[in-house]
Structure formats: structure tokens, C-alpha cells
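Summary of structural features
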Amino acid sequence: MLTMVALSGCQAGGETDNEALSPNNPNAINVADHNDLYNKEKDNDTDYGYVRYQKSPVANDTEKAQNIATLDREEAADSISKLSSAIPNVNDVATLVTDEDVLIAYKTDTKDRNATADQVKRTAMSIMPRYYHVYVSDNPQHIQDIERFSEANTKAESVEESIHLTIKEMLKSPQGRKMNDGENANGEGKNELNEHVTDEKMK
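Residues numbered from 1 in each chain as written. Predicted model: local features only at pLDDT ≥ 70, side-chain atom pairs only at ≥ 80, totals over all residues. Heavy atoms only, no water.

For the protein, an unreviewed UniProt entry supplies the name YhcN/YlaJ family sporulation lipoprotein and the organism Priestia flexa.

Put into C-alpha cells, the structure is as follows:
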């Protein structure tokens, strides 16, 4: 009788044991995933982003660390150019993302060059990790200048030197307001590696 009741209970619930443990079942618990909570099916337009991780109780378990996402520079450059082109009076935008800098050159017919530079720069700052420095220029010639780095070898020393020289030229254009009391207009703090390339310093 107990067996029959148990079987009828399963049928009434409409779930088999396999279905109850299905990863698509919100009540299922996957023991292998006990140390993270990550809903990959959330709607990015309407839902908040929330992820919780707990350290694995298994010693030397590096599987989670190996799956940590890295910055996609091409995707970041695409987002910056796309959003910057939506700024009023900005008509053509080229963006280069390196391992620590963002170079943005654009064409504009703005009457307030510094205000527009500030908008473009802060758009990039809102997308990139905070340790990045952002340099902008409304000189159309710089579009071609940064485009030539798109296929360059990022490990080549000569390329890094050329990028720094290009940044020096870009700094002749307005860079907008300083980010805060501790950082200049390009997001550089005092004594940072790239500070020597700017004429603005901490103004």
C-alpha cells in the first residue's frame, strides 16, 4: 500500500526523479555547482546582475579560476565607438583598446570642443576597468593614426613607443575635465607610468 501511495504521488506531481533533478528545474540542486550561484538565463534588459561564489572545499580546485572571463578588447572598442557616435555632434569615431589605454579619435562639428571631449572620454570610462587611461582627439587625422595599430603585435616594443607618441599628439586636443581630485583628465594618478605623456598633469 505504501508503495502504491508513493508511486501515485510521483504521478500526481507530474515529475520523474530525472525531471526533478533536471538543471532546468529551479528547485533542483546540482551538487557539483554548490559553490556558485549564476543564472545564465536572466534577461539583461530587465533583471539585475548578481553572482555569488564560495571557495571550493576541494584543495587546489582551480577549475573556477580558469573560467574567469577576460576583457574582450575588440568588443570594448566596438561598444565605445557605438556609444560615442550617439553623442550630439560626434559623427565618426575610431577606438583603439590596448592593455592599459584607450585611444579615441573622432570627427565633430561641436562648438564646445572640451565639453564634447569630456562626454566621449567619460563614455569610455564607464565601460572600461578603472585602471585604464583614456585619451581623446577631435583631430580627424588621428583616426588614421590609431587605425594603423589595429593589426599590430601588442608585444612589440616599437608599437608601444609609437602608441605613446600618438598619445602625445592626441593630447594637443581638448581632453575634458579632470576625473576627480586624485586623477587628471585621462584618469592618471600622480606618479603613474603614463603620466609623463600628458601636458595637463593634475590641473
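Continuing now.
On to a negative patch on the surface. Side chains of Asp72, Glu74, Glu75 and Glu151 sit close together on the surface and give a patch of like negative charge. Of note, Glu75 is situated in helix 4 (residues 73-84). Taking the relative accessible area as the measure of exposure, Glu75 reaches 52% and is therefore exposed. (Patch = residues over 30% accessible without salt bridge, like charges linked within 9 Å, V, L, I, M, F, W, Y side chains within 5 Å. Areas by Shrake-Rupley, 256 points an atom, 1.4 Å probe, with all protein chains shown as cover. Salt bridge = Lys/Arg side-chain N within 4 Å of Asp/Glu carboxyl O. Lys, Arg positive; Asp, Glu negative; His and termini not counted. Charge placed at Lys NZ, Arg CZ, Asp CG, Glu CD. Helix = DSSP H or I, 4+ residues; strand = E, 2+ residues; numbered from the N terminus. Buried < 20%, exposed > 50% of the residue type's maximum accessible area, 1.4 Å probe, protein only.)

Within this structure, the stated rule accounts for nine salt bridges. For Arg113, the salt bridge goes to Asp138, with nearest N and O atoms at 2.7 Å. In this pair, Arg113 is assigned in helix 5 (residues 113-127) and Asp138 in the loop between strand 5 (133-137) and helix 6 (141-147), connecting sequence segments 25 residues apart. When the shortest N-O distance is used, the salt bridge between Glu169 and Lys172 registers 3.1 Å. When salt bridges with common partners are traced through the structure, they connect Asp118, Lys121, Arg122 and Arg177 into a single cluster.

What follows concerns the sheet that holds strand 3 (residues 90-97). Reading across from one edge, 3-4-5 is the order of the three strands in this open sheet, with mixed pairing throughout. Whereas interior strands pair on both sides, the edge strands pair on one side only; in this sheet they are strand 3 and strand 5. Mean inter-strand twist for the sheet, computed between neighbouring axes without regard to direction, equals 20°. Both strand 3 and strand 4 (residues 101-108) contribute to a ladder of seven bridges, which runs antiparallel. Residue Val97 lies in a different strand from strand 4, and its bridge partner there is Val102. Strands in contact with helix 4 are strand 3 and strand 4; relative to strand 3, the strand with the most contacts, it is inclined by about 160°. Strands strand 3, strand 4 and strand 5 of the sheet are contacted by helix 5, whose axis makes an angle of about 140° with strand 4. (Pairing = 2+ DSSP bridges. Axes fitted to C-alpha atoms, helices over the stretch in contact; angles between N-to-C directions. Contact = heavy atoms within 4.5 Å.)

Moving on: the pairing of strand 4. As a general feature of sheets, a regular strand has side chains that alternate between the two faces. Of all eight residues that make up strand 4, six are buried, and the element is covered over most of its length. Where strand 3 folds back onto strand 4 in an antiparallel hairpin, the turn is made up of three residues. The parallel pair strand 4 and strand 5, bridged by helix 5, forms a crossover whose chirality is right-handed. (Right-handed = clockwise from strand over helix to strand, strands pointing away.)

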